[in-house]
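The lines below spell out each chain.
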Number of protein chains: 6
Amino acid sequence: MLRLATPEHQRFSQVASFCASFGGGEANVAVSLANFGLPTEFVTRLPQNDLGQSVLMELKRHSVGTNHIIWGGERLGIYFLETGSVSRPSKVIYDRAHSSIAEIESGMIEWEKVFKEAAWFHWTGITPAISRGASVACQEAIAIAKKKGITVSCDLNFRKNLWKWGKSASEVMPELVKDCDIILGNEEDAEKVFGIKPDDADVSRGEVKGANYEPVCKKLKKQFPQAKKIIITLRGSINADHNTWSGVLYDGEKLFEAPVYQITHIVDRVGGGDSFMGGLIYGLLTYHGDDQRVLNFAVAASCLKHTIHGDFNLVSVSEVEQLMKGDTSGRVVR
Amino acid sequence: MLRLATPEHQRFSQVASFCASFGGGEANVAVSLANFGLPTEFVTRLPQNDLGQSVLMELKRHSVGTNHIIWGGERLGIYFLETGSVSRPSKVIYDRAHSSIAEIESGMIEWEKVFKEAAWFHWTGITPAISRGASVACQEAIAIAKKKGITVSCDLNFRKNLWKWGKSASEVMPELVKDCDIILGNEEDAEKVFGIKPDDADVSRGEVKGANYEPVCKKLKKQFPQAKKIIITLRGSINADHNTWSGVLYDGEKLFEAPVYQITHIVDRVGGGDSFMGGLIYGLLTYHGDDQRVLNFAVAASCLKHTIHGDFNLVSVSEVEQLMKGDTSGRVVR
Amino acid sequence: MLRLATPEHQRFSQVASFCASFGGGEANVAVSLANFGLPTEFVTRLPQNDLGQSVLMELKRHSVGTNHIIWGGERLGIYFLETGSVSRPSKVIYDRAHSSIAEIESGMIEWEKVFKEAAWFHWTGITPAISRGASVACQEAIAIAKKKGITVSCDLNFRKNLWKWGKSASEVMPELVKDCDIILGNEEDAEKVFGIKPDDADVSRGEVKGANYEPVCKKLKKQFPQAKKIIITLRGSINADHNTWSGVLYDGEKLFEAPVYQITHIVDRVGGGDSFMGGLIYGLLTYHGDDQRVLNFAVAASCLKHTIHGDFNLVSVSEVEQLMKGDTSGRVVR
Amino acid sequence: MLRLATPEHQRFSQVASFCASFGGGEANVAVSLANFGLPTEFVTRLPQNDLGQSVLMELKRHSVGTNHIIWGGERLGIYFLETGSVSRPSKVIYDRAHSSIAEIESGMIEWEKVFKEAAWFHWTGITPAISRGASVACQEAIAIAKKKGITVSCDLNFRKNLWKWGKSASEVMPELVKDCDIILGNEEDAEKVFGIKPDDADVSRGEVKGANYEPVCKKLKKQFPQAKKIIITLRGSINADHNTWSGVLYDGEKLFEAPVYQITHIVDRVGGGDSFMGGLIYGLLTYHGDDQRVLNFAVAASCLKHTIHGDFNLVSVSEVEQLMKGDTSGRVVR
Amino acid sequence: MLRLATPEHQRFSQVASFCASFGGGEANVAVSLANFGLPTEFVTRLPQNDLGQSVLMELKRHSVGTNHIIWGGERLGIYFLETGSVSRPSKVIYDRAHSSIAEIESGMIEWEKVFKEAAWFHWTGITPAISRGASVACQEAIAIAKKKGITVSCDLNFRKNLWKWGKSASEVMPELVKDCDIILGNEEDAEKVFGIKPDDADVSRGEVKGANYEPVCKKLKKQFPQAKKIIITLRGSINADHNTWSGVLYDGEKLFEAPVYQITHIVDRVGGGDSFMGGLIYGLLTYHGDDQRVLNFAVAASCLKHTIHGDFNLVSVSEVEQLMKGDTSGRVVR
Amino acid sequence: MLRLATPEHQRFSQVASFCASFGGGEANVAVSLANFGLPTEFVTRLPQNDLGQSVLMELKRHSVGTNHIIWGGERLGIYFLETGSVSRPSKVIYDRAHSSIAEIESGMIEWEKVFKEAAWFHWTGITPAISRGASVACQEAIAIAKKKGITVSCDLNFRKNLWKWGKSASEVMPELVKDCDIILGNEEDAEKVFGIKPDDADVSRGEVKGANYEPVCKKLKKQFPQAKKIIITLRGSINADHNTWSGVLYDGEKLFEAPVYQITHIVDRVGGGDSFMGGLIYGLLTYHGDDQRVLNFAVAASCLKHTIHGDFNLVSVSEVEQLMKGDTSGRVVR
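For clarity, every value in this text was computed on a predicted model and none was experimentally measured.

*Asks:* Tell me what's going on with the confidence of the model for chain A, and back it up with residues and numbers.
*Replies:* Overall, the predicted model of chain A reaches an average pLDDT of 95, with 98% of residues at or above 70. Confidence metrics for the complex model read pTM 0.96 and ipTM 0.94.

*Asks:* Requested: an account of unusual backbone geometry, with residues and values cited.
*Replies:* Residues and elements named next belong to chain A. The residue Val86 is not glycine, and still its phi comes out positive at about 50°. As for its position among the elements, Val86 is in the loop between strand E5 (78-82) and strand E6 (91-95). On the accessibility criterion, Val86 (2% relative accessible area) is buried.

*Asks:* Give me the interface of chain B and chain D: which residues, what numbers.
*Replies:* Listed by partner, the interface residues are 24 residues for chain B and 33 residues for chain D. Both faces considered, chain B and chain D share a buried interface measuring about 2500 Å² in area, 49% of it formed by carbon and sulfur atoms. Of all residues in chain B, the largest losses of buried area upon contact with chain D belong to His265, Arg331 and Arg334 of chain B, amounting jointly to 34% of the total for that side. The interface formed by chain B and chain D contains four salt bridges. At the boundary of chain B and chain D, one finds 14 residue pairs in polar contact (both at pLDDT 80 or more). Residue assignment for the side of chain B that touches chain D shows that the elements contributing at least two residues are strand E13 (261-263), helix H10 (291-305) and helix H11 (317-324) of chain B. Class assignment of the residues belonging to the side of chain B that touches chain D gives a composition of 10 nonpolar, eight polar and six charged.

*Asks:* An account of the relation of the copies chain A and chain C is needed here, citing residue identities and associated values.
*Replies:* Rotating chain A by 120° and translating it 0.0 Å along the rotation axis places it on chain C, where the RMSD comes to 0.0 Å. Both chain copies can therefore be described as sitting about a three-fold axis. Closest approach to the rotation axis among the C-alpha atoms of chain A is made by His265 of chain A, whose C-alpha sits 4.7 Å away. The share of interface residues of chain A whose copies in chain C are also at the interface is only 9%, consistent with the copies meeting through different surfaces.

*Asks:* How would you summarise the side chain of Asp181 of chain A if you had to cite specific residues and measurements?
*Replies:* All names here are of chain A. Position of Asp181 relative to the elements: it lies in the loop between helix H6 (169-177) and strand E9 (182-185). With relative accessibility at 5%, the residue Asp181 sits in the buried group. Looking at Asp181, its side chain comes within polar contact range of the main-chain nitrogen of Val152, at 2.7 Å. Setting aside its immediate chain neighbours within four residues, Asp181 contacts Lys146, Ile150, Thr151, Val152, Gln226, Ala227, Lys228 and Lys229.

*Asks:* Hey, could you go over the arrangement of the chains for me, with residue numbers and the actual values?
*Replies:* At no point do chain C and chain E touch; the closest pair of C-alpha atoms across them sits 8 Å apart. Where chain B comes nearest to chain F, the C-alpha atoms are still 8 Å apart, and the two do not contact one another.

*Asks:* Tell me about the pairing of strand E5 (residues 78-82) of chain C, and name the residues and values.
*Replies:* Residue and element names in this part refer to chain C. Burial within E5 is extensive, with five of its five residues counted as buried. Residues Ile78, Phe80 and Glu82 line one face of E5 and the alternating positions Tyr79 and Leu81 line the opposite face, and both faces are buried. One ladder, built from four bridges, connects strand E1 (residues 2-5) with E5; its direction is parallel. Paired with Leu2 across the two strands is Ile78, which belongs to E5. Bridging between E5 and strand E6 (residues 91-95) involves five bridges; their strand directions are antiparallel.

*Asks:* Quick rundown of the interface of chain A and chain C? Include the residues and the values.
*Replies:* Counting from both sides, the interface comprises 33 residues of chain A and, opposite them, 24 residues of chain C. Taken together, the two surfaces of chain A and chain C that pack against each other cover about 2500 Å², and 49% of this comes from carbon and sulfur. Taken as a group, Arg11, Val86 and Ser87 of chain A account for 22% of the area that chain A buries against chain C, more than any other trio of residues on that side. Between the two partners, chain A and chain C, sit four salt bridges.

*Asks:* Summarise the packing of helix H1 (residues 25-35) of chain A against helix H9 (residues 272-286) of chain A; cite the residues concerned and give the values.
*Replies:* Residue and element names in this part refer to chain A. At a minimum axis distance of 8 Å, the contact between H1 and H9 shows a crossing angle of 45°. What the angle tells us is that H1 and H9 run oblique. Read as a crossing pair, H1 and H9 show a hand that is right-handed. The residues of H9 that touch H1, namely those facing Gly25, Asn28, Val29, Ser32 and Leu33, are Asp274, Ser275, Met277, Gly278, Ile281 and Tyr282. Per-class residue counts for the contact of H1 with H9 are five nonpolar, five polar and one charged.

*Asks:* With reference to specific residues and values, describe the sheet that holds strand E2 (residues 17-22) of chain C.
*Replies:* The strand order across the open sheet formed by eight strands is E6(C)-E5(C)-E1(C)-E2(C)-E2(D)-E1(D)-E5(D)-E6(D), and the pairing between neighbours is mixed. The open sheet has two free edges, formed respectively by E6 of chain C together with strand E6 (91-95) of chain D, since each of these has just one partner strand. Adjacent strand axes in the sheet meet at a mean angle of 25°, parallel and antiparallel pairs treated alike. Helix H2 (residues 50-61) of chain D rests against E2, E5 and E6 of chain C together with strand E2 (17-22) of chain D of the sheet, and its axis sits at about 55° to E2 of chain D.

*Asks:* Please set out the relation of the copies chain B and chain D residue by residue, giving values where relevant.
*Replies:* Of the transformation placing chain B onto chain D, the axial shift is 0.0 Å and the rotation is 120°, giving an RMSD of 0.0 Å. Interface residue correspondence from chain B to chain D reaches only 12%, placing this contact among heterologous pairings that use different surfaces.

*Asks:* Any chance you could break down helix H8 (residues 214-223) of chain D for me, citing the residues and the numbers?
*Replies:* Residues and elements named next belong to chain D. By the burial criterion, the buried members of H8 are Val216, Cys217 and Leu220. For H8, the arc enclosing every buried residue in end-on projection is 100°, short of the 170-degree limit, so these residues lie on one face. Tucked inside the fold, the buried residues of H8 contact helix H7 (189-194), strand E10 (229-237), strand E11 (243-250) and strand E12 (255-257).

*Asks:* Can you break down the packing of aromatic side chains residue by residue, with the values?
*Replies:* Counting across every chain of the model gives 78 aromatic pairs over all chains. For the ring pair Phe36 of chain E and Phe297 of chain E, a centre distance of 5.3 Å and an interplane angle of 70° mean the geometry is edge-to-face. Of this pair, Phe36 of chain E sits in the loop between helix H1 (25-35) and strand E3 (45-46) while Phe297 of chain E sits in helix H10 (residues 291-305); the two residues are 261 residues apart in sequence, bridging distant segments of the chain. Both residues of the pair, Phe36 of chain E and Phe297 of chain E, belong to the buried class. Grouped by ring-pair contacts, the aromatic residues Phe36, Tyr282, Tyr287 and Phe297 of chain A constitute a single cluster.

*Asks:* Talk me through the pattern of salt bridges; I want residue IDs and the actual numbers.
*Replies:* Taken as a whole, this structure holds 144 salt bridges over all chains when the rule is applied. Lys146 of chain F is paired through a salt bridge with Asp181 of chain F; the nearest N and O atoms lie 3.2 Å apart. Of the two residues, Lys146 of chain F is situated in helix H5 (residues 132-147) and Asp181 of chain F in the loop between helix H6 (169-177) and strand E9 (182-186); the sequence distance between them amounts to 35 residues. The class for Lys146 of chain F is partly exposed, based on a relative accessible area of 30%. A single salt-bridge network, built from bridges that share partners, covers Arg11, Glu82, Arg88 and Lys91 of chain A, Asp50 of chain B together with Glu319 of chain C.

*Asks:* Can you lay out the environment of Asn157 of chain E for me, pointing to particular residues and giving the numbers?
*Replies:* Residues and elements named next belong to chain E. Here Asn157 is to be found in the loop between strand E8 (151-155) and helix H6 (169-177). On the basis of relative accessible area, Asn157 is assigned to the buried category, the value being 7%. Along the chain, Asn157 and Gly125 lie 32 residues apart, while their C-alpha atoms are 4.9 Å from each other. Ignoring sequence-local partners within four residues, the contact set of Asn157 consists of Thr124, Gly125, Ile126, Asp189 and Asp274. Of note is the side chain of Asn157, whose polar atom sits 3.2 Å from the side chain of Arg159.

*Asks:* Now, about the pairing of E9 of chain A: what can you tell me, with residues and values included?
*Replies:* Residues and elements named next belong to chain A. Taking every second residue as pointing to the same face, both faces of E9 are buried, with Ile182 and Leu184 on one and Ile183 and Gly185 on the other. Inspection of the sheet shows strand E8 (residues 151-155) paired to E9 by three bridges, in the parallel sense. Note on E9: the bridge partner recorded for Cys154 is Ile183. Considered for its hand, the β-α-β crossover made up of E8, H6 and E9 is right-handed.

Here is what the cut-offs are and how they apply
- Residues numbered from 1 in each chain as written.
- Chains lettered and ligands numbered in written order.
- Predicted model: local features only at pLDDT ≥ 70, side-chain atom pairs only at ≥ 80, totals over all residues.
- Heavy atoms only, no water.
- pLDDT = per-residue confidence, 0-100.
- Helix = DSSP H or I, 4+ residues; strand = E, 2+ residues; numbered from the N terminus.
- Buried < 20%, exposed > 50% of the residue type's maximum accessible area, 1.4 Å probe, protein only.
- Contact = heavy atoms within 4.5 Å.
- Buried area = accessible area lost by both parts, 1.4 Å probe.
- Salt bridge = Lys/Arg side-chain N within 4 Å of Asp/Glu carboxyl O.
- Polar contact = N/O pair within 3.5 Å; in protein donor to acceptor, adjacent residues only side chain to side chain.
- Nonpolar A, V, L, I, M, F, W, Y, C, P; charged D, E, K, R; others polar.
- Least-squares fit on C-alpha atoms with pLDDT ≥ 70 in both.
- Pairing = 2+ DSSP bridges.
- Axes fitted to C-alpha atoms, helices over the stretch in contact; angles between N-to-C directions.
- Parallel < 35°, antiparallel > 145°, perpendicular 65-115°, else oblique.
- Left-handed = near helix turned anticlockwise from the far one by under 90°.
- Arc of directions from axis to C-beta.
- Phe/Tyr/Trp six-rings, centres within 6.5 Å; stacked < 30°, edge-to-face > 60°.
- Right-handed = clockwise from strand over helix to strand, strands pointing away.

Next up, the structure:
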């Protein structure tokens, strides 16, 4: 997906140029994992033009595998981003309808082949939101992944402006989520998708307590008993430049809480959840059995994402680990 | 329409930012006319978001009337432009499908009201190319304009990559053109739309002789006898930075030829034909009966367009007239 | 007026380019009102060159009426802005002497005609500061507005570096203010123009309490008994990047206090007072009789201005109302 | 003087930023001479603000002496530059009225002290054009220089938009020029200032023959018999991007003609004449008696200026000499 | 190698920023080949820091294999580029001494492993110029490639400012070239490296005739009888913006001459020779036996390079073939 | 030294351009002093190319004397800077090995001549870190300065990545520091160079108490009894955007503590220590005997540095004094 962002907090009505980069939920997770050194394949459908080609090149640049990308369709999805400031929120204009991936159809991707050597499949709630075809493709993938015993993770990622193809998230998502081993949501997703509210629901007040989300986790676990881990990212929006950032992980028995980071001078918060997911998958594959460490890695990794322009989280494992140790001082490394 | 151009001759695969401006065939003509001081209304359909709003603001900035613009639809049309150089051609990627104007439907615009105080209606071949709905809207407009005795002009403006909605240009255009008083085409349009070739057809050789287009004009006149003037713009492509530029006007009896300009250091050639049309309409409304002057004004105005970034021709009548006098020296004015 | 700002906190001695935009006290108010949907005319005098023309275009872009602008004079006023940071203050270099508006003379503007359909006239203390001629023009306008029963508002807007034409603010302003219905000042203006001090005068300490300004309001009311509302904007300067922002409104009987906003990451604070005035006039014309709401709208509107580059406050009524509801979280809208 | 240029051929109405640099006739000559290694002092009057300070810093950067600069006045002169292209001319908007140098008065500069160790004094026709005071200061300087036996050179530099203070160039200049040892003009100056026309007067045709200017030189010599050298720069304007460039030098007996350079891709032609003068003074001080070489150096130096952004000619003696040898190939030096 | 280029024809003394990209002789050839769809591995030594990492990412972006890159050493080589204009030449400042590749030592690269599945090895005269170690590594590679029956090509690429480690090009190169199957040089290399002059040696005059280089080819063939093809690129430097471009290929019997392209508005000529080599290798591997076509492909490919910023030639086979057909018109593709 | 910084918090792997400026420990101090109006000479060795020339010009621009700079060597030292944000630290990549100054040799600089009219000599721990030659040159300078009774100051400035020429800081520095009158270090230097720890050593926690450094000062005084003043800069790193900033000065008897500044929105913290040193030397030369004022000036001056892009502290004495008075409000000056 092409991301066109207004530079330096400009409003849409002011821009003479857009900063161009590429991103999108699943791609962002793939880039995170590739950055952390894991072999990764990104599966999508791209239009056969120079923009589609540029997406491919950008993925390669970040060592993300592109062997299963298929070509076709008319256009590359776009999102326009106006970066807010203080009490002026950022705005996103989606222009994704009729994109190559939105016009995907059942059977276009050979999932059996895709999953031949795969151990993990990740999808987000954005894909089924785009179109009926994308929703079906998603379902096919989950079914085959499940059949092959591949771990399936999902990020609920609710976007109200995307669900326009006829069905609502609450109609579609349960069927897809029911086969997922790992479920990630932000502090609002569970409510917006499944109607599951935290005890303290006002996310715009800038304080988000982890403990309030234990009931959410438990209700999700009850609804999706196959889920091995349920994770909630916790963003406290002090204002558009200053967020708190944390998360909780529920393993069916215990709630792990991560430290809360003060992100006082946000550079770019888009992709925050994706970078969390990237950190989480890396952690689950690396720190087996140490869920606290897994969670802490995911939160620290995505905390750093907020300091980086673009959708992608361009940090190394050692940078994340440095932050996990508690060094938030940002002292110059020289 | 949003125009996203790569800066400074960069290729699509190189860009970190796109220069953003607004343009499009009919809008460009409207801006030219408004710049020349004529009251002008631009009729279109825009999406109700910040991009649609920005189009509106930009039109107002150039004193183009926006009273008849209607709101609705999902997206603003986009075109991506990679500016070529020397023997590397510029490339355009259209992303206009499903735009608000493409999804216009019969009856959405109240043409009777639009034309209440109008004396001239201009449309281009791009509009019927976009979608069946746009084609129908165009037909409605022409019919009502005709009925009201309004002068109708068209720019054939053939774009092979746009005609994708089911009918071809040669099926649709004759019906629309047959009621036009003024027909403009470039050195290829007549052939591509109506199969009418000039005597010397190789436009890529860099030499385009006006006289060769007399037969084209005559055949067009024969096919569209109602046309009062037939005009052909003549671009000789020495290379992507150096074009020659001229035009001929046929009034049914006589072929007027304009001087040929050497445009040796093109800044931006997109919108060249539209600026020609703007100059032509201004000329026809101003220099009644002096077709040579009309043609010369149109060619000089559009010659200057090639020196200006963006789709719009930001020149004044006095600047055009200065060039018409033969002063191509570009000496500093201070 | 042309605004030439150093980019990205650069000092004047560092710049290789200036960000160019247009602004100025009354123009900023006009743009605010036009943005909020009110019909607005901006009255000024511009030089007949491309810079004057660009001002006109920019006003049109923002739907501000330009019917009463007159042309003449030698130059467009300029101000140079160096944006400060933390404890380094922003600096303004005025270069407005001898501008077209400064060289305006009595009778040049036909105020009778200007006010034909007007309901409100707004002026600021900057205009009489520029030159004797501008001061006289201002006086003429107020007199005629008064005569026609038009509401007159003024922003005291004291700028010590502008009052250089022979008379001081304290000599000139009382005569002009005495006919105003609405008087706005910032936390320093009343003192600098009329010698009226708040109880707690140290504005550089970063704490500005609304209650301290009740005596100021009362003294102003006493000196200018015709004034229906007296409003003081309250800026607490924690540092150049972090201000608090609020205001009080005194209706002759009661002091209304607005909530205090923490503006922790200022993008551009120039035009803050003008955007307050724009919000105030909109509020007074819209929320008749609800002065608390009027004040809150004005404060919220101008709070948002601090997040926007340039002099103009590019926000919509709905964005202001969203903030008035108390949502300062800046969460992404998508 | 502050120069504010539109970037990349943009029109004034398009700019969001201006490229800022410093320049001005005499300053440009001083920088050329300092670059060539000659000790140079620039005498002017600057306002005591950050812009004046920046001028000082920029002169120091180029090793131009600033010992005799005086401080005072209200503003720094500005000129706005819109760079043209092909047949669209560049435009200059002067905003120099009321600048510190324009408001200079007789006696402000201690010329006796300035000239204590000086061997050469150079002035241009721009200075007396700005204001009566500047004209008088110029006259004082010439008189004292003359008295001290210092060589005086002048560049006629006629700018019709500057002569606005009451007297015309033809009234003022003869008195100033009559004491000059070296007189430089471009292909139009002699006519515009003294009414002396070349045989072939149409400079906008792109062909400028040196021989045609012999009568001009002779008539100038006749009118100003004290002049030891009369030099005419010869610019042929093919178009705004492509000029020819040459010059002639008349020593009272013989006309020397320089080779004609084809400058096919002009980067920035402003300051061309000043860089010629810089080369000329360097040549006269260095290549004593070899007027052909002097002329060739001046033409080559100023030919290179056209390839450099800004007013200043940032080339070294060895670069000029390389071009004088006839190597116009522009092959990469590595 | 990091390339730091001054933007928009600025001189080194003017820059406030450098355009950063990556390049270098052999890397450029590898990118060309990968763009044309051939599997390619780039072998080098990079420092273990973020700059070295960025080189790796950029190669991956262009689908160049990086399996044999080794890590170590202190720094990444840099070259600074000042882009000239008209008669002002471009300047290169090399800062490559002590780079990771310069400090390579014999045995560091396992050439046996590198060449396991290779069919072609290409090196340039820049590598042995950098340091004794690089020269030895080059020699090792050639020897092993030869032993394995791999085709070896070299670009003589003489750079006088690089040969500083103790031996001269004429001492080192013959030993390396003697085992090469394909030898490429520009119009000066043969003379500067082997003392072999063309009949008409003045390359700065802007005319370079192919036939004049037949004797050069024959003498090279005589000195290096194993060479199957000898190719000379022919650049005529009209000026820094306008070159002619062509080449000849000698197969030991016959001289093939390519058409001469007029490159009238050069965007970036660095990497021209490398893009020629890339085209040549592609041609030799693809158009077996049709040396005229091979040569024409190489010349057309590298002609297009001159229109692209950076060292890399970002064109496709179909774009090159379009130009080979003779279409130099640069007409917009839409 | 050339500084190449990534723009706007970009990571190294993202940049398409580097912001270029010049800096370096001793140069930064010299610029500070010249800005404050003191005559200053900067002594170094620069390569004879356009980059070396640009350093010279930049120093002149800031009125720093360049009479004792010598020319020679191969390259200009470079450092690459990636500016961090929040909990992502800034990163510096040094590329200074083999620079002209690194390859300086004993005797190259004529220190006797350099110090002829000097009253103060300042050096930093970076110079002896670069190379054996630079270390020796430093030693020579100190010896001769001492002999001539010139005050010698040093900034310990420990950079672990620079000490690579064979000896460690702890081996070399004591010998150099033992003759210094003024010793400055940051909160870590004393430990890293001499093993002297503060009572509370964790500088990454964001709180740095002045009192904790009294023992450090005393131990330094004991080890270097000749030192008249020992000064420690105290940086509390809340995060990469928010630091606290202060310092202590020990005169052998008493510890002076400065106020602590909250620098909440850092623009550029590189050169912070150097600007402290510049303020300190200015203070010591100006406020004789008032060590509290000296310290306060140094802290306030360097506090302002954090708001300025580049290595240089571009502030005036009056700006520093304004801040010393306690006005941290950053209110607009107009």
